[in-house]
Amino acid sequence: MKLNELAADLATIPADLAELEITGLSADSRNVQPGHVFVAIAGQKQDGAQFLADAVQRGAVAAVAAAQAEFGSPGVPVIRVADPRLFLAKAAARFYGAQPETMVAVTGTAGKTSVASFTRQIWERAGLQAAMIGTTGVETPTRKQYGQLTTPDPMVLHRILSELADEGIAHCSMEASSHGLDQHRLDGVRLSAGAFTNLGRDHLDYHASMEEYFAAKMRLFEALLRPGAPAIIFADDTWSARVIERAGARGLEILTVGRKGDFLALKRVEHQRSQQIAEIHHGGAIYQVTLPLAGDFQLSNALVAAGLAIATGVPAGTAIEALEHLHGASGRLELVGTTQKGVPAYVDYAHKPEALEQVLQSVRPFTTGRVVVVFGCGGDRDRGKRPIMGEIATRLADLVVVTDDNPRSEDPAAIRAEILAEAPGALEIGDRAQAISDAVAMVAEGDTLVVAGKGHEEGQTVGDTVLPFSDHDEIRKAIARQAPREWLWTTADMVDAMKGRPVGDLPEGIDGISIDSRSIGPGEAFFAIKGDRFDGHDFASSAVASGAALLVVAESRLPALGRVRAPMIVVDDVLEAMARLGVAARARTKARIIAVTGSVGKTTTKEMLRHVLSAQGSVHASVASFNNHWGVPLTLARMPKDTAFGVFEIGMNHAGEIRPLVKMVRPHIAIVTAIAAAHLGNFKNISEIAAAKAEIFEGVELGGHALINRDSEKFAQLKKAAAACDIANVHAFGAHRQTDIKLVSWEPLENGSSAEFKILGETVAVSVGVPGHHVVQNALAVAGAAKLAGADLRTVVKSFADLSPAKGRGARHVLDAGRGTLTVIDDSYNANPASMRAGIALLRDTPLAEGGRRIAVLGDMLELGNSSKKLHAELRTPIVEAGIDLLLLGGPEMKALADTVGDAIACRHYETVEALEPALLETVRSGDVVLIKSSNGIGFSRLVSALVDKFPAVSDSGAGQKSREGVTA
C-alpha cells in the first residue's frame, strides 16, 4: 500500500512521499518490520517519540508523531498529526480493509462480556455466522482464542476483523472499554449499532473522575455511531437517563430495555436456583422465557443482547426464543461445581463495587442458608474502591473471606488491610488457593459460595510475574478433596452381579477393569478371559505384579492358580460373568445410550459422539474398536454409574452376532451408518449384510429412535426392519430430500469441511475439522443423535470444528521434502470398497502445490470372500474419475486392480509391502499428496512410518490424540 493511500485525509503527505511503499504500521518499536510506518504515541509512562531511533533501526521508512512531540533527527520522514492515536486507528482500518458486515459494540462498567457473548449466540441461533471480541478473547464458530485486553489495540483489532471477514463471519459483537474509547481504538470500526449496560465506579486510576469516565463511555454514541443508528440502552441504571439524552442528541434511534424499557419491557421475573422465568413485552406481543442463567444482571444483559440482535435484523421472536439457549460467558456467575453437601460454587469476574453488589444480590433469592464470598482487590489500581467493596461484601454476604487478587507491585497485606477497614468480621486468608479451599470446607447445606474477582483469568500477577492460577481449578480441587472414594464397582456388587464366589480378603472396591495384564493399572480388576490365541489365566501372576487389586477367574482353572496370591472372585465362565456385570452396569445407569453399527464409519461416528457430548456431561464410550463379543460387555462393565451419555460401537462378522450384544446395551438411539461390502466373505450379498446390521434395532428401548442413512441403497430394507421391531421413531439422515436429519450443503476445505445441516427442523452452520464428505455424513448422524439424546445442538455443532483424525484413520503428516512439503494421509487402519472410495474422494479434494501429484498407495481389502477380485477391480472407476496421477499397489488381491487399470493411469504393483516400501520412498517428491490405505492386516502403517522417518515433520494433524483417542474416518 502506498503512503498516500494509507494516510489520505488523515495527514498532510508531502508529494515526494506519496508513492512510498508501506508494509505495515506499529506503535511499538519492538514490533517494527522493514517498510513499516512507526506511530509515536505518548502513553501514561512513556512517550513513543523516545523510540523513533529504535524503530528506524528496525526498518521503519516513515514515522507519525504528535505536533508537539520533541525528538532528534530520526533519519526518516516524520508526519505530524494532531492525534497519533486517532491516526493509528483509522490507518489500521484502511490497511486491513475488510470487516464483518455487521459490527456492534457494547459499553458500560459491567456486563460487556456477557452482552457480546449473548449477542453472538443469538445471531448463531438465527443461523448467522457470528463472532465476538472482548475480555475473554475472540470466539467464532470454529475457534476460541484467549485475549489480553477488553478492546485490542487498533492493529490487532483490525487484523482480527480482517481475518473474521475472510472466514465468512458477517456479524461480530465487541466490547468497548473506556480505555479503548478514550484511546480511539474503535474509531476505524464501521459500527451498525451500539449498547449501554450500566455505569459504576471503575478505572479511576486512569480517569480523573466519574464524569470523565462517563464521557469516555459516551464516545461510542457521540462519535462512533452514525446518526440514525440503533442505540440499545438498559433503562434501569441510574446513569441511563443521561445516556438516553446524549444518544438522542446525536440523532440515534433509542431502543430501551429493562423494567423501564419500551423496546423490550421486562414485566415479571421468577427466580430459581439456576434459571429465571421472565415475561417480556415487545411490539404488542408477550413472551414468556426461561433463561438458563441465575441473577438479575444476567437477565439485564440478555435483554440488551436481544435488543442488539433485533436491531441488526434478527426477527424478535427468534431473538427472544434464543434466550432460552444461552450459555453464560466464562467466569460470569459460572457454576463451577457443587460440594458434597450440595452447595453451588460460582466463579464471577466481579472486581468492581457495583459488579460485586449485583452478584451477591443475585444469589440471595435462591440461598436458604448463608451467602459466602471470597474476594480481593488488585494492586496498582483504584485504591478508593477497596473499602467500598469491603462494605458491600459484609453487608450482602454472611461470611466474607478477604484474599489476594493480582497484588502486582503493592504489598498484598496492605491491600487486604484497606478492604478489611470496612469489613468487620471478615476472615483474612492471603493465599488465594487456601482461601478457596477453606471456604469450600466451611460451607454447609443451603449455602451458596461465590469466588469473585478473577472470573475467566488463569493467572495471579505478583510483581512483574504472572503465576498460573485458576479459581475454577482451585474450586474443583477443593471439592475433590472432600469427596468420598467413588469406586467403579464395590466388590460386593460384583459378586452379586456375576454370581461369583469370593476367595481371599477382597478389597472394598475397584477403580477399573482390564483384560490385558500389560496395561492393567493399580486398583483394577483383571478378568482372565479365554481368547482365540491366549488364555488370560496364564497371565494372572503378571497382572498381580502390575498392581491388579482383584482377579476374576474360572472355577475350572482355579487349581492351576494355586501359587497366585491375590483376592479373587471365582465364576463359572469369565466372559459370561463379565457380560453379567455389563448387564448390571446398564441396569444401574440413567445415561442416554447410543449404539452405532454399519459397514463403514462406526468408529468415526462413535468417536465423534464421544467428543461432541463430552462438553455436556460425562461420556463413556468404547475404546478403539471394542465392538465384538468381548469388547461390548467389557465396555458396559467399565461404565461408571453416574455416566450421562453412553456410546457403544457394535460390529459383526456373521449374522446373529449383533443381536445378543444390543440386548445387553439396550440403546435409546441406534445408528446405522452405511451398508457396504465389508466381511462379504461371510455373506452371499449386501442384503444379507444389511439384515445382520438391522439386528441392532432389536434391542432399542421402548420409545427409542433409529437413525438410518437415507443415501444408502439398503435404506428401505433397514427402515422395514426397524418398523418390524416396533420402533416408532425412525429418522432418515443424508442429502436425500426425504430426510428429517438433512445435509443441506457441503463444501470441502483444505483441512476440513463446511456444511449446513437441518436437524429435526433446526438449521445450523457446521465446520468439521476432519476432511471428507464421508466424515460430514457421519457428523450429520452424530448431530441428530446428540439432539435426540438431549444435548444442546449449538454446543454440539461448535465441537465439530476442533475434531482431528487419528493415527491410521486419516491423520495427516506434512513433511519437509527438501524444496517444499509433502503431505501424507495415513488411512492404513481399515479398508473396504466403500471406505476406499471415500479415501480416493478425499485425495481428489485435497489441494495440490504447484508441480505436485496425487498418489494413491493402496493395499489389499481383506475378508471379501469370492467377490474379492471383482471388488478390487471395480476401484478403477473412482480412481480414474478422481484424476489420480500415480497408483502404487501392494498385496496379491490388488493385482486384479492393476490388471484392470491398464494404460488409463500410471500404475505399479508389488506383491508385498516390503517390496513396495523402497519404491515409495524413491518416488515421492515435494508437492505430492500421498494417500496410504489398506486393511490393517496388510501392514501399510510401516509405509507411513518409513516416510515420517525419512522426511522431517513440518506439522501433524494426528498430534495430541492421546487424551481422546482421535476421531476416525
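Quick notes on the rules
Residues numbered from 1 in each chain as written. Predicted model: local features only at pLDDT ≥ 70, side-chain atom pairs only at ≥ 80, totals over all residues. Heavy atoms only, no water. Helix = DSSP H or I, 4+ residues; strand = E, 2+ residues; numbered from the N terminus. Rg over C-alpha atoms; globule rule 2.2 N^0.38 Å. Buried < 20%, exposed > 50% of the residue type's maximum accessible area, 1.4 Å probe, protein only. Contact = heavy atoms within 4.5 Å. Areas by Shrake-Rupley, 256 points an atom, 1.4 Å probe, with all protein chains shown as cover. Lys, Arg positive; Asp, Glu negative; His and termini not counted. Charge placed at Lys NZ, Arg CZ, Asp CG, Glu CD. Arc of directions from axis to C-beta. Salt bridge = Lys/Arg side-chain N within 4 Å of Asp/Glu carboxyl O. UniProt positions renumbered as here; feature names shortened; annotations may be inferred. Polar contact = N/O pair within 3.5 Å; in protein donor to acceptor, adjacent residues only side chain to side chain. Pairing = 2+ DSSP bridges. Axes fitted to C-alpha atoms, helices over the stretch in contact; angles between N-to-C directions. Phe/Tyr/Trp six-rings, centres within 6.5 Å; stacked < 30°, edge-to-face > 60°.

### Things to note about the overall build of the chain
- When you go through the chain residue by residue, the secondary structure sums to 31 helices and 46 strands.
- Taking 30 Å as the expected radius of gyration for a compact globule of 969 residues, we find that the chain reaches 32 Å, a close match to that expectation.
- Here the C-alpha coordinates of the chain stretch approximately 90 × 70 × 60 Å along the principal axes.
- Residues classed as buried in the chain amount to 57% of the 969 residues present.
- Contacts in the chain between residues far apart in sequence, at least 24 positions, make up 66% of those at least 6 positions apart.
- Just so you have it, the chain exposes about 38200 Å², and 49% of that area is on carbon and sulfur atoms.
- Within the chain, the 114 negative side-chain charges are centred at a point lying 4 Å from the centre of the 98 positive side-chain charges.

### A few points about helix 31 (residues 941-950)
- Here helix 31 has its buried residues at Leu943, Val944, Ala946 and Leu947. Taken down its axis, helix 31 places every buried residue within 160 degrees of arc, on the same side.
- Tucked inside the fold, the buried residues of helix 31 contact strand 40 (811-816), strand 41 (821-827), strand 42 (854-859), helix 30 (913-923) and strand 45 (929-933).

### Let's talk about the side chain of Ser767
- If you trace the backbone, Ser767 turns up in strand 39 (residues 762-768).
- The class for Ser767 is buried, based on a relative accessible area of 18%.
- Ser767 has contacts with Thr142, Ser753, Phe800 and Ala801, leaving out every residue within four places of it along the chain.

### Quick look at the pattern of salt bridges
- Across all of its chains, the model carries 48 salt bridges by this definition.
- Linking Arg58 and Asp54 is a salt bridge whose minimum nitrogen-to-oxygen distance equals 3.0 Å.
- Note that Asp473 is salt-bridged to Arg476, the shortest N-O span being 3.8 Å. Remark: Arg476 and Asp473 occur in helix 15 (residues 471-482); sequence separation between them is three residues, near one turn of the helix.
- Classification of Arg476 by relative accessible area gives partly exposed; the value is 42%.
- Salt bridges here are not isolated pairs; linked through shared partners, they connect Arg120, Glu124, Glu139 and Lys798.

### Examining the UniProt feature "modified residue: N6-carboxylysine" (unreviewed entry) in the chain
- The sites that carry the UniProt feature "modified residue: N6-carboxylysine" (unreviewed entry) are, in the present numbering, Lys217.
- Note on placement: Lys217 falls in helix 7 (residues 210-224).
- Given a relative accessible area of 1%, Lys217 falls into the buried group.
- With residues up to four places along the chain from it excluded, the contact list for Lys217 reads Thr107, Gly108, Thr109, Lys112, Ala176, Ser177, Ser178, Leu181 and Leu199.
- Here Gly108 takes part through its backbone oxygen, which lies 2.8 Å from a polar atom of the side chain of Lys217.

### Notes on the UniProt feature "domain: Mur ligase N-terminal catalytic" (unreviewed entry) in the chain
- Sequence positions flagged by UniProt for "domain: Mur ligase N-terminal catalytic" (unreviewed entry) are, in local numbering, residues 21-96 and 510-581.
- Structurally, residues 510-581 is divided into 19% helix and 24% strand, and its ends, taken at the C-alpha atoms, are 13 Å apart.

### Describing unusual backbone geometry
- Phi at Leu760 is positive, roughly 50 degrees, even though this residue is not glycine.
- Mapped onto the elements, Leu760 comes out in the loop between strand 38 (752-759) and strand 39.
- Residue Glu863 is not a glycine yet carries a positive backbone phi of 60 degrees.
- Inspection of the secondary structure assignment puts Glu863 in the loop between strand 42 and helix 27 (868-873).
- Residue classification places Glu863 among the partly exposed residues on the basis of a relative accessible area of 46%.

### Re the sheet that holds strand 7 (residues 137-139)
- Strand order across the open sheet formed by 11 strands is 8-7-6-9-5-10-11-12-13-14-15, with mixed pairing between neighbours. What marks the edges here is a single partner per strand, and that holds for strand 8 (144-145) and strand 15 (285-291).
- Sheet analysis places strand 11 (residues 230-234) next to strand 12 (residues 253-258), joined by five bridges and oriented parallel. Each bridged residue has a counterpart across the sheet, and for Phe234 the counterpart in strand 12 is Val257.
- The strands that helix 5 (residues 154-166) touches are strand 5 (102-107), strand 6 (130-134), strand 7 and strand 9 (171-175); relative to strand 6, the one it contacts most, it runs at about 170 degrees.

### Points about helix 13 (residues 412-420)
- The complete set of buried residues in helix 13 reads Ile415, Arg416, Glu418 and Ile419. Buried residues of helix 13, seen end-on, are gathered within an arc of 155 degrees and therefore sit on one face of the element.
- Of the surrounding elements, those touching the buried residues of helix 13 are strand 18 (371-375), helix 12 (385-396), strand 19 (399-402) and strand 20 (427-428).

### Examining the packing of aromatic side chains
- Evaluation of the coordinates by the stated rule reveals five aromatic pairs.
- On the basis of an interplanar angle of 35 degrees and a centroid distance of 4.9 Å, the ring pair of Phe214 and Trp239 is categorised as tilted. Residue Phe214 is found in helix 7, and its partner Trp239 is found in the loop between strand 11 and helix 8 (240-249); the two are separated by 25 residues along the sequence. Judged on exposure class, the residue Phe214 and its partner Trp239 are both buried.
- Judged by centre distance (6.3 Å) and plane angle (50 degrees), the rings of Tyr346 and Phe366 are tilted. Taken together, the residues span a long stretch of sequence, with Tyr346 in strand 17 (residues 344-348) and Phe366 in the loop between helix 11 (353-363) and strand 18 at a distance of 20 residues.
- Exposure remark for Phe366: the relative accessible area of 9% places this residue in the buried category.

### Observations concerning the environment of Cys907
- Along the chain, Cys907 turns up in strand 44 (residues 906-910).
- Looking at Cys907, the relative accessible area reads 26%, which means it is partly exposed.

### Things to note about the pairing of strand 42
- Extensive coverage of strand 42 is indicated by the burial of six of its six residues.
- Every second residue of strand 42 is oriented toward a common face, with Arg854, Ala856 and Leu858 on one face and Ile855, Val857 and Gly859 on the other, all of them buried.
- Summarising the sheet, strand 42 and strand 45 pair through five bridges and their orientation is parallel. Each residue of the ladder has a partner; that of Ile855, found in strand 45, is Val930.
- Sheet topology note: the strand 42/strand 43 (residues 886-890) ladder contains five bridges and is parallel. Bridge pairing in strand 43 links Leu858 to Leu889.

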